[in-house]
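Structural overview
Chain by chain, the residues run as shown.
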Amino acid sequence: MVGAASVLSVLLLVGLVAADVLTDHALSGLPAADALHVKVVGRQWWWEVHYGQNGNDAPTFTTANELHVPVGRVVIVELEAADVIHTFWVPNLHGKKDMIPGRPATIVFRADRPGAFRGQCAEFCGAEHALMAFPVVAESRADFQQWALRQSASAVPAGDEITRRGQALFQENDCAKCHTVRGTDATGTIGPDLTHLGSRQSLAAGTVANDHANLAKWIAAPGSIKPGTTMPATAFNDEELRSVVAYLESLR
Amino acid sequence: MMPDGVHRHGDHLLDGGLDQAVVNALARTWSDPPSWTGALSAINHKTVSRRFMVTTFVFFLLAGLFALAIRLQLARPDNHLFDPDLYNQLFTMHGTAMMFLFAVPVMQAVALYLVPLMIGTRSVAFPRMNAYAYWVFLFGGLLLFGAFAVGSGPNTGWFSYVPLSGPDYSPGKGVDIWAQMITFTELSSLLVAIVLITTILKMRAPGMTLSRMPLFVWATLVTQFMVLFAMPAVMFGSTALILDRLVGTHFYNPANGGDVLLWQHVFWFFGHPEVYLIFIPPLGFISSIIATFTGRPIFGYPAMVMALIVTAFLAFGLWVHHMFATNIPELGKSFFTAASLMIAIPSGIQIFCWLATLCTGRIVLRTPMYFVLAFFFILVLGGLTGVMLGSVSLDLQVHDTYFVVAHLHYVLLGGAVFPLFGAFFFWFPKFTGRMLNERLGLWQFWLFFVGFNVAFFPMHWLGLHGMPRRVWTYPAGMGWETMNFVATIGAFTIGLSVLLFLINVVLAYRHLPGAPSDPWNADGLEWTIPSPPPPHNFDRLPVVRSRSPAWEENTSATAIGGLAADAREVLITSAVEAKPDLRVLFPTSSIWPFISAVATTVLFIGSIYTPWAVVWGSIPVSIAVAVWFWPDKNDTQTALSLERHP
Ligand code: HEM
Ligand SMILES: [Cu+2]
Ligand SMILES: [Cu+2]
């Protein structure tokens, strides 16, 4: 009896191994010819995103904390890490892949239906590993092209008085040392690119919705939304805060 | 057979008879000295083991409290009970303490008590080194908890991946203390492994050939060999980490030719076998308990032993399944998938053998048996999810989610903690001379079993629905609220059950000892001597003729004699056949192992602050160890006077 049961389990396991290897093979067989290339760099605790490298048809630009992909087209994501190990994971699109400093990797997937998917970091990466997510928007090719064109443009110049005041404050305080707003003097690269912040769905790596109240709260005291974040708090008075928020909201 | 009476050789009283004077002399000889310096000098294996068990159990309770704190924080979404840094310390302390300070050492601790009793000898080998190992372990554990108490606990998780745990991203002393705690505990478990292997191979009672050895002793032997091969890997890893952090080497720094993945390979080369260090000794508990409560020897003894050995080998070939999400070549992954699934085969064979034993025996349902039956249920579930995780495509989805948290607790609690509580119930009378209350035991069991499944089953679901592990909070609206709340209730039910166990122990201590030598009608040699055993374990050394010596007719009459009763003389036998070989004089109690452990601790802790501590710290260590090994005139005299010509 014991012998028969053992033989049966062995056969079952051999079957499982074979099934597993075949599944893996099928999953890794996506065509790469017409693929869209994106590079994502994991950083404590946000995502830096580069489009249009490797001679791609998409325009070249840098953004953060949000990924857009055309439906039905294979996407090759190059993964890097700037500090510690992170893991790129969009459960509804593909399995996990580690972003390991010094060991670039790629992940290949295809979104077969339009929609918004949640991605998140899956390797423990320090204080705010829990609040390191990002939305992925899968949209039609036309919508994607439009989005990419808008993202590649420089920031809209500050128009009215309050946004001009906001831009000045942004430049005078340390904001510009850490953040880039293309088309202005802000060229920092320590934090996310804010050129089109107003077009993003969420703030601080998918932590809160990108609305007026959250933006003000974030700038005044980032730690109240994401304790442990590396962005420092700034001592603006009400008027200054309103101006900076208005400026950032105008960056659509 | 020896006639009852007093034998002498020169000045020495010899054992072998049943004369009270001889028995008293044996007890005096093997006792630990009185008073508090005596307590620090104790080297009797039962004293050291009892301390070891209590210490590991206290660490288990503390780590359990951390788990409850974790569950409190996660009971609700967006909960701000703890800030991220404290939460990260909590789960790091929980995982680290459970793995390094409880699960592995508690198995060694139990073995240190039971192995000499099961193989019929009066001591473990190298008893002073054994005491030293205990003190080193204690100090390592205190270091870790002390660091947490003063607010600098480690916070990088129980496998502390670099570069997060490296000098750039974890300033402060937390990680240094974590790495040094590893050095302490690994040193301790390596020494205990040497003690146990030597004891098992060279000190078995005459007649206990390898093929008559109790399955628990086999499980211990196999495990300790695994310790010898697994621990050096992590000791190298943690030492290289400390060097990177303290003296600026670049083992793990890719910018200077180091490699981040090196840490993962080294850690998991140890970390995966570690799961089996935790899981194999309980297989021995289970065999003892099942044999006793079915009234028959375990079915398929040779198959059981082979399965243990095969598991030990395969356990070293699986580590990469923890790294499927890194960019390892596909072929490599397939190999490790196959190996991961193959290890289910020996486990399956053992389970079939136990089931056959259960089917053909007359089952008596006592508390230890409940824990063993629960083991089957839980471990099979944990094993199934393990087979799922071994498959690359599935693993890439559930890796680093709560699915893995569920899996690892099904395996660790089901495979180790349930049988361990069964073992505590089973051997408690032997350890203490007192019985635990069966009614309370059953309450504890059912609360544990139900609480366990309520706590951990929902975590499978959470993982499949995308909840990552090691998150200090999660947003509302992800659909994870209910299951997290249920899991928290389950965790507190487990807490209640462990509390019942403590109450049970306290109640037992309010009675006078009075447990019979064999309350369960069990089969091992340990049940042929009083509960608790006298300092020298056996008045007369047994001679073994079968695998179930306590069930043999006449065994108790079969004994040999001729060892000194007034000196710590021990019989050494041959490794395979257990033929009497030598009489060896064992060392007496000494405080120097304790002092050496203190000196070692100063060196290890000092080296966290300055590399020079390795230089000046080695001076007191050398002095203490030199005094420890300095030949004692009286001992030499005794040894000489015991020499006999054949
Ligand atoms: C007594 C009941 C227990 C409860 C309620 C419990 C609960 C938990 C929870 C909720 C986590 C996940 C923490 C996180 O990912 O943020 C965890 C992690 C862990 N637990 Fe337990 N646990 C218990 C017992 C044990 C035991 C007995 C062991 C080992 C023998 C153990 C070993 C671990 C390990 C190794 C981790 C991973 C820690 C890490 O991610 O660094 N646990 N436990
Ligand atoms: Cu992370
Ligand atoms: Cu493993």
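Residues numbered from 1 in each chain as written. Chains lettered and ligands numbered in written order. Predicted model: local features only at pLDDT ≥ 70, side-chain atom pairs only at ≥ 80, totals over all residues. Heavy atoms only, no water.

Observations regarding the overall build of chain B
Scanning chain B for helices and strands turns up 19 helices and 6 strands. Along the first, second and third principal axes, the C-alpha set of chain B runs to 80 × 60 × 50 Å. The buried share among the 646 residues of chain B stands at 62%. Considering only residue pairs separated by 6 or more positions, chain B has 79% of its internal contacts joining residues 24 or more positions apart. (Helix = DSSP H or I, 4+ residues; strand = E, 2+ residues; numbered from the N terminus. Buried < 20%, exposed > 50% of the residue type's maximum accessible area, 1.4 Å probe, protein only. Contact = heavy atoms within 4.5 Å.)

Quick look at the coordination of the copper ion (ligand 2)
Residues and elements named next belong to chain A. Bound to the copper ion (ligand 2) on the protein side are Cys121 (SG), Glu123 (O), Cys125 (SG) and His129 (ND1), at distances that span 2.1 to 2.4 Å. Note that the copper ion (ligand 2) binds 4 donor atoms; their angles at the metal cover 85 to 122°, and the shape is tetrahedral. Mapped onto the sequence, the donors of the copper ion (ligand 2) take the spacing C-x1-E-x1-C-x3-H. (Donors = N, O, S within 2.8 Å, 3.2 Å for Na, K, Ca; no water. Tetrahedral: all angles 85-135°; square planar, octahedral: opposite > 155°, others 65-115°.)

A word on a nonpolar patch on the surface
Residues and elements named next belong to chain B. A contiguous nonpolar patch, built from Val598, Val602, Trp612, Val614, Val615, Trp616, Ile619, Ile623 and Val627 and spanning about 850 Å² of accessible area, is present on the exposed surface. At the level of elements, α17 (592-609) and α18 (613-629) are the ones that each hand at least two residues to the nonpolar patch. The leading source of residues in the nonpolar patch is α18, at 6 residues. (Patch = residues over 30% accessible without salt bridge, like charges linked within 9 Å, V, L, I, M, F, W, Y side chains within 5 Å. Areas by Shrake-Rupley, 256 points an atom, 1.4 Å probe, with all protein chains shown as cover. Salt bridge = Lys/Arg side-chain N within 4 Å of Asp/Glu carboxyl O.)

Overview of the coordination of the copper ion (ligand 3)
Protein-derived coordination of the copper ion (ligand 3) comes from His272 of chain B (ND1), His321 of chain B (NE2) and His322 of chain B (NE2), at a distance range of 1.8 to 2.4 Å. Here the donor residues for the copper ion (ligand 3) map to a single chain with the spacing H-x48-H-H.

Regarding the interface of chain B and chain A
With 53 residues of chain B at the contact, the number on the chain A side is 47 residues. Across the chain B to chain A interface the summed buried area is about 3,900 Å²; carbon plus sulfur atoms make up 66%. Counting the contacts that link chain B with chain A gives 1 salt bridge. The salt bridge partner of Arg103 of chain A is Asp259 of chain B, with a shortest N-O separation of 2.8 Å. (Buried area = accessible area lost by both parts, 1.4 Å probe.)

Some thoughts on the site of ligand 1
Residues and elements named next belong to chain B. Near ligand 1 there are 24 residues, and of these Tyr87, His94, Trp158, His409 and Arg470 occur at the shortest range. Tyr402 has a polar side-chain atom sitting 3.5 Å from an oxygen atom of ligand 1. Those elements that place two or more of their residues in the shell around ligand 1 are α3 (45-74), α4 (84-119), α14 (402-432) and α16 (481-510). (Near = heavy atom within 4 Å. Polar contact = N/O pair within 3.5 Å; in protein donor to acceptor, adjacent residues only side chain to side chain.)

Section: the nonpolar core
Residues Phe88 of chain A together with Phe267 and Trp354 of chain B are the most contacted members of the largest nonpolar core, which totals 245 residues. No other element matches α4 of chain B, which puts 24 residues into this core. Looking at which domains feed residues into this core, each of domain 1 (1-285 + 521-587) and domain 2 (592-644) of chain B supplies at least three. When residues no more than four places from it in sequence are discounted, the contact partners of Phe267 of chain B are Phe100, Trp158, Phe159, Trp178 and Val234 of chain B. Formed by 23 residues, the second largest nonpolar core is a distinct cluster that contains Cys175, Ala176, Trp218 and Leu248 of chain A. (Core = buried A, V, L, I, M, F, W, Y, C linked by side-chain atoms within 4.5 Å. Domains from an automatic or database assignment.)

Comments concerning the sheet that holds strand β9 (residues 115-120) of chain A
Residue and element names in this part refer to chain A. Ordered in space as β4-β10-β9, the 3 strands form an open sheet in which the pairing is mixed. At either margin of the open sheet sits one strand with a lone partner, and together these are β4 (67-70) and β9. With direction set aside, neighbouring strand axes in the sheet form an average angle of 25°. Here β9 runs beside strand β10 (residues 133-139); their pairing, made up of 6 bridges, is antiparallel. Within the sheet, the bridge partner assigned to Arg118 lies in β10 and is Pro135. (Pairing = 2+ DSSP bridges. Axes fitted to C-alpha atoms, helices over the stretch in contact; angles between N-to-C directions.)

The values reported here are purely geometric and, on their own, carry no functional implication.
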